[in-house]
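# Close look at the chain arrangement
Chain by chain, the residues:
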Amino acid sequence: MDIKTVGVIGAGQMGSGIAHVFALAGFEVILNDIDTGSLDRAIASIGKNMDRQVKKDAVSEADKDAALKRIVTTQNTADFSKADLVIEAATEDEAVKCKIFESLIPHLADHAILTTNTSSISITRLAAATDRPERFMGFHFMNPVPVMKLVELIRGIATDDATFQACKGLVDKLGKTASVAEDFPGFIVNRILIPMINEAVYALHEGVGTAASIDSGMTLGAAHPMGPLQLADMIGLDTCLAIMRVLHEGMADSKYRPCPLLVKYVEAGWLGRKSGRGFYDYSGDQPVPTR
């Protein structure tokens, strides 16, 4: 099908990044959030990130200006009646996502494809909460979206081939690479990545090393571009915990048990970069370990 207009629900880090790449690729983008402040911050962030691309000669000034004009913001789901494809990129909470779908579905065109950027929740189960399980699938971007080249595509049990092929074609148009995953908890990337982060938190919890030594051990000793605790802070500790809980419940295996220290940090509101404090404190010029 010919997809020209893409709707994005959620103007956080992931949603704004998804809007960014689709607008640059020539699509009309409708960016939705319940909070006007989030929408304003998203547009400002997209502009700054595009400016970085201009400085690196990855994008021309004219292309940047044209892309920004292709993004419209709204708090009204009725505006998605024009969308050929909608990507839900709200918080990693199944009940929240299902509530969003309930409010969105009455406004969608019959031909519209509905997708979710969930990083771990069952696609089949989410699809069953909609009126179009055959035109529903997982469309999981990596963070930060403008930089990372991979997109996980996950079919639910009812997803038809036309929907899959349409989404695969979009990944190609964005200049990214598709990785097809089966509908298991965590899919591929987070099935491997988040338990590694959880194990790093256990190492910190048990006093095996400090946050700095654990992160330098993995950056210098395993050639990771970022330490696991630094990465957790960037992802958001609440998101890491939500994914670990999905893995633990979905697999019924104790190896996926969330570390108590991760739970404690989330309960304290220490969610990482977005809250100013996680495994590192970001209030100063340089991040300082909190443990």
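All of these numbers come straight from a predicted model, not from anything done at the bench. (Residues numbered from 1 in each chain as written. Predicted model: local features only at pLDDT ≥ 70, side-chain atom pairs only at ≥ 80, totals over all residues. Heavy atoms only, no water.)

### A look at the UniProt feature "site: Important for catalytic activity" (unreviewed entry) in the protein
Heads up, the condition is: UniProt positions are given in the numbering used here, feature names are shortened, and annotations may be inferred rather than shown by experiment. Every helix listed is a DSSP run of H or I at least four residues long, and every strand listed is a run of E at least two residues long, numbered separately from the N terminus. In this description, contact between two residues means that some pair of their heavy atoms is separated by no more than 4.5 Å. The definition of a polar contact used here is a pair of N or O atoms within 3.5 Å, where within protein one atom must be able to donate a hydrogen and the other to accept one, and adjacent residues in sequence count solely through side-chain atom pairs.
UniProt annotation of "site: Important for catalytic activity" (unreviewed entry) refers to H140 when read in the numbering used here. With respect to the helices and strands, the residue H140 is situated in strand 6 (residues 136-141). Residues within four places of H140 in sequence aside, it is in contact with T116, N117, T118, S119, L150, V151, E152, I154 and N190. Of note is the side chain of H140, whose polar atom sits 2.8 Å from the side chain of E152.

### Thoughts on the packing of helix 2 (residues 36-55) against helix 3 (residues 61-69)
The test is simple: Think of each axis as a best-fit line through the C-alpha atoms, taken over the contacting stretch in the case of a helix, with angles from 0 to 180 degrees between the N-to-C directions. In what follows, roughly perpendicular refers to angles from 65 to 115 degrees, roughly parallel to angles under 35, roughly antiparallel to angles over 145, and oblique to any angle outside these ranges. By convention the crossing between two helices is left-handed if the near helix lies anticlockwise of the far one by an angle smaller than a right angle, and right-handed if it lies clockwise.
Remark: helix 2 packs on helix 3, axes separated minimally by 10 Å, with the N-to-C direction vectors making an angle of 160 degrees. With respect to helix 3, the axis of helix 2 lies roughly antiparallel. The chirality of how helix 2 crosses helix 3 is right-handed. In this structure, helix 2 contributes I46, G47, M50, D51 and V54 to the contact, and helix 3 contributes E61, K64, A67 and L68.

### Quick notes on unusual backbone geometry
What counts is decided by this rule: Partly exposed describes any residue whose relative accessible area lies between the buried limit of under 20% and the exposed limit of over 50%, with all areas from a 1.4 Å probe on protein chains only and scaled to the type maximum.
A cis amide bond links N143 to the next residue, P144, at an omega of 0 degrees. Residue placement: P144 occurs in the loop between strand 6 and strand 7 (150-155). One non-glycine residue with positive phi stands out, namely D57, at about 60 degrees. By the element assignment, D57 lies in the loop between helix 2 and helix 3. A positive phi angle, near 50 degrees, is found at A252, a position not held by glycine. Take A252: it is sitting in the loop between helix 10 (237-251) and helix 11 (260-267). Since its relative accessible area comes to 70%, A252 is described here as exposed.

### Points about the environment of A19
In this structure, A19 sits in helix 1 (residues 13-24). The spacing of A19 and D33 is 14 residues in sequence and 12 Å in space, taken between C-alpha atoms. Those residues in contact with A19 that lie beyond four places of it in its chain are V8, V29, L31, I46 and I71.

### Regarding the layout of surface pockets
What counts is decided by this rule: Any residue with an atom within 4 Å of a point lines the site, the site being either a cavity, points on a 1 Å grid over the protein atoms alone where a 1.4 Å probe fits but cannot get out, or a pocket, an open set with protein on both sides within 12 Å along at least 5 of 7 lines. Grid points are joined across faces, edges and corners, and a volume is the space filled by probe spheres set on the points. Note that the domain bounds reflect an automated or database-derived domain assignment. Each residue is assigned to one class: nonpolar for Ala, Val, Leu, Ile, Met, Phe, Trp, Tyr, Cys and Pro, charged for Asp, Glu, Lys and Arg, and polar for all the others, Gly among them.
Computed from the structure, the largest pocket encloses a volume of approximately 1400 Å³. In terms of lining residues, the largest pocket is bounded by 49 residues, among which Q13, M14, N143, I235 and T239 are the most central. Only helix 1, helix 4 (94-104), strand 6, helix 7 (189-205), helix 9 (228-235) and helix 10 provide two or more residues apiece to the lining of the largest pocket. Of the domains in this structure, domain 1 (5-182) and domain 2 (190-289) are the two that each give at least three residues to the lining of the largest pocket. Estimated volume of the second largest pocket: approximately 540 Å³. If you go around the second largest pocket, you meet 21 residues; those closest to its centre are S45, N49, R52, P144 and P146. Among the secondary structure elements, those contributing two or more residues to the lining of the second largest pocket are helix 1 and helix 2. At seven residues, helix 2 tops the list of elements feeding residues into the lining of the second largest pocket. Counted by class, the lining of the second largest pocket contains eight nonpolar, ten polar and three charged residues.

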